[in-house]
Amino acid sequence: MATHIIQSILCALLVCSAWNPLDAQDTFSIVAMDSVTGEVGSAGASCVDMFTIPGYSDDFLGELFPGQGAINSQAWYVPANQANARTRMNLGDSPSDIIQWLVDNDVNGQPELRQYGIVKLHNGNLETAAHTGTSTDDYKNHITGPNYSIQGNILLGPEILDSMESRFLNAEGDLA
């Protein structure tokens, strides 16, 4: 299976908050995998300006594993939780097992604040999983499909995630 890392914008959305039209309001992302080519992709946006927080990278949202899958971490992001997700991915856990492990072992004991999306080729099958903590900021939710996971929080409503899914499913061509 050919492996090619894709990190491109799969969906472009910008929604400004009502209280300050100069600030982006949302955090949303998508992870996807092409089961034929092995290409993986991650795209998203965060309302957090990571350039202003020492020790954090501006590319924190998604992590790609060539030919294997991808993980997006958001909502009250903690680097140690992402490191744990990476470890579980590399150990061969399924997406749902990774999610359950992260919920059971959140480094701050607050999985209700976290949001994850995972896509992975596991035992020859393409699998997806997601978690949206009950205490992430509204509107929050996730949508999974056979080769993608879409998640978001601090959204205006479900139409944001629905639009992302529709645009992804109706896009022409391969993942790239």
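Please refer to the structure placed before this passage.
Residues numbered from 1 in each chain as written. Predicted model: local features only at pLDDT ≥ 70, side-chain atom pairs only at ≥ 80, totals over all residues. Heavy atoms only, no water.

> I'm lost on the overall build of the protein in this one. Help?
From N to C terminus, the protein includes three helices and nine strands. Traced from its N-terminal end to its C-terminal end, the protein shows the element sequence β-β-β-β-β-α-α-β-β-β-β-α. In the protein, buried positions account for 47% of the 176 residues. Within the protein, contacts between residues at least 6 apart in sequence are counted, and of these 51% link residues at least 24 apart. Per element, the accessible surface of the protein, about 8,500 Å² overall, is 51% carbon and sulfur. (Helix = DSSP H or I, 4+ residues; strand = E, 2+ residues; numbered from the N terminus. Buried < 20%, exposed > 50% of the residue type's maximum accessible area, 1.4 Å probe, protein only. Contact = heavy atoms within 4.5 Å. Areas by Shrake-Rupley, 256 points an atom, 1.4 Å probe, with all protein chains shown as cover.)

> Where do I start with helix α1 (residues 79-91) in this structure?
Since the α-helix advances by 3.6 residues per turn, residues separated by three or four positions end up pointing in the same direction. In this model, α1 (13 residues) spans 18 Å end to end at C-alpha, consistent with the 18 Å of a helix rising 1.5 Å per residue. Within the sequence span of α1, burial applies to N81, Q82, A85, R88 and M89. End-on view of α1: buried residues confined to an arc of 120 degrees, all on one side of the axis. α1 presents N90 and L91 as exposed residues on the side facing more than 90 degrees away from its buried surface. (Expected span 1.5 Å × (residues − 1). Arc of directions from axis to C-beta.)

> What exactly am I supposed to notice about helix α2 (residues 95-104) here?
Of the positions making up α2, those classed as buried are P95, I98, I99 and L102. Seen along its axis, α2 keeps its buried residues to an arc of 100 degrees; they face one direction. The inward-facing, buried residues of α2 abut α1, β6 (115-122) and β7 (125-132).

> What exactly am I supposed to notice about the nonpolar core here?
Here is a general trend for soluble globular proteins: nonpolar side chains tend to be buried in one another's company. Formed by 13 residues in total, the largest nonpolar core has its most connected members in I30, Y148, I150, L161, M164 and F168. Among the elements of the structure, β2 (27-33), β9 (148-153) and α3 (158-170) are those that each provide at least two residues to this core. At four residues, the largest contribution of residues to this core is made by α3. The next biggest cluster of nonpolar side chains, apart from the first, holds 10 residues, and it includes F65, M89, I98 and I99. (Core = buried A, V, L, I, M, F, W, Y, C linked by side-chain atoms within 4.5 Å.)

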